[in-house]
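Listed here are the chains, written in short residue letters.
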Amino acid sequence: MEPHKTEPREDRLPPLPEAQWTDAQRAQAQEIIAGPRGKLISPFVPLLRSPELMGHCQRMGEYLRYRNTIGQRLTELAILVTARFWDQGAEWAIHAPIAQSEGVDRATIDAIAHHATPSAMPRDEQVVYEVCTEILRDKALKDATWAASVALWGEQGVMDLVGTVGYYSLLAMVMNAARTPAPATGASLPIARA
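Since the structure is predicted, the reported quantities are computational estimates derived from the model, not experimental observations.

## Re the pattern of salt bridges
Inference 1: Applying the stated criterion across every chain yields a total of nine salt bridges.
Inference 2: Residue R67 pairs with E62 through a salt bridge whose shortest N-O separation is 3.2 Å.
Inference 3: The class of R67 is partly exposed, set by a relative accessible area of 49%.
Inference 4: A single network of salt bridges, built from pairs that share partners, joins R73, D124 and E125.

Below you can see the structure in the form of structure tokens.
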């Protein structure tokens, strides 16, 4: 039996009232609010307890989500594969609707949600799926997967993709440890964490 399945699921690190923020917390939160996110979203609520870490995380995430070399559609697909691997409901709820609006087919999203391999994906999405699942599951990439990804995006694109998986794995671990709840709106995972 997995421990997290039997423990209560209350949020360990709920939002801190702004009036209680330290100067360091306020400065880092303001950087997020002033950026493309526009507000302090789910992963940054627990990270606010370590403002310097939060600042470094948010800057990396801003690059990986908004300015990387593989584009938003493929980035959102990578986020979904990573969120599902970690059973991270908050990331899934935020990013499943974005992925669909960016052009990821609903059938692909549903397959990932049910731990199934999507079928009939465009070639670039298939390679993203392979890179993400191999690096998460096998902790390595097959030579053929490496070659296919470099052919599509070059070495920088592959590093951006692998960096996206690593970054969203970090956020998933933070939110899973803190038991950050999924937002009330958004797509939920079909198998909720207990």
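## Some remarks on the nonpolar core
Inference 1: Of all hydrophobic cores here, the largest spans 27 residues; its most connected members are V81, W92, I109, V128, C132, W153 and L161.
Inference 2: Broken down by secondary-structure element, the contributors of at least two residues to this core are helix 5 (72–85), helix 6 (89–101), helix 7 (106–113), helix 8 (123–137) and helix 9 (143–178).
Inference 3: Residue contacts for I109: discarding those within four places in its chain leaves L80, W92, A96, A99, Q100 and V104.
Inference 4: One finds I32, A90, L171 and M175 within the second-largest nonpolar core, a separate group that totals 17 residues.

## Things to note about the layout of surface pockets
Inference 1: What the second largest pocket holds in volume is close to 230 Å³.
Inference 2: Contributing to the lining of the second largest pocket are R37, K39, I41, S42, R65, Y66, A93, I94, I98, P183 and T185.
Inference 3: Listed by contribution, the elements that provide at least two residues to the lining of the second largest pocket are helix 4 (51–66) and helix 6.
Inference 4: The element best represented in the lining of the second largest pocket is helix 6, accounting for three residues.
Inference 5: Classifying every residue of the lining of the second largest pocket gives six nonpolar, two polar and three charged.

What counts and what doesn't
- Residues numbered from 1 in each chain as written.
- Predicted model: local features only at pLDDT ≥ 70, side-chain atom pairs only at ≥ 80, totals over all residues.
- Heavy atoms only, no water.
- Salt bridge = Lys/Arg side-chain N within 4 Å of Asp/Glu carboxyl O.
- Buried < 20%, exposed > 50% of the residue type's maximum accessible area, 1.4 Å probe, protein only.
- Core = buried A, V, L, I, M, F, W, Y, C linked by side-chain atoms within 4.5 Å.
- Helix = DSSP H or I, 4+ residues; strand = E, 2+ residues; numbered from the N terminus.
- Contact = heavy atoms within 4.5 Å.
- 1 Å grid on protein atoms, 1.4 Å probe; cavity = no way out; pocket = protein on both sides within 12 Å on 5 of 7 lines; lining within 4 Å.
- Points joined across faces, edges and corners; volume = space filled by probe spheres on them.
- Nonpolar A, V, L, I, M, F, W, Y, C, P; charged D, E, K, R; others polar.

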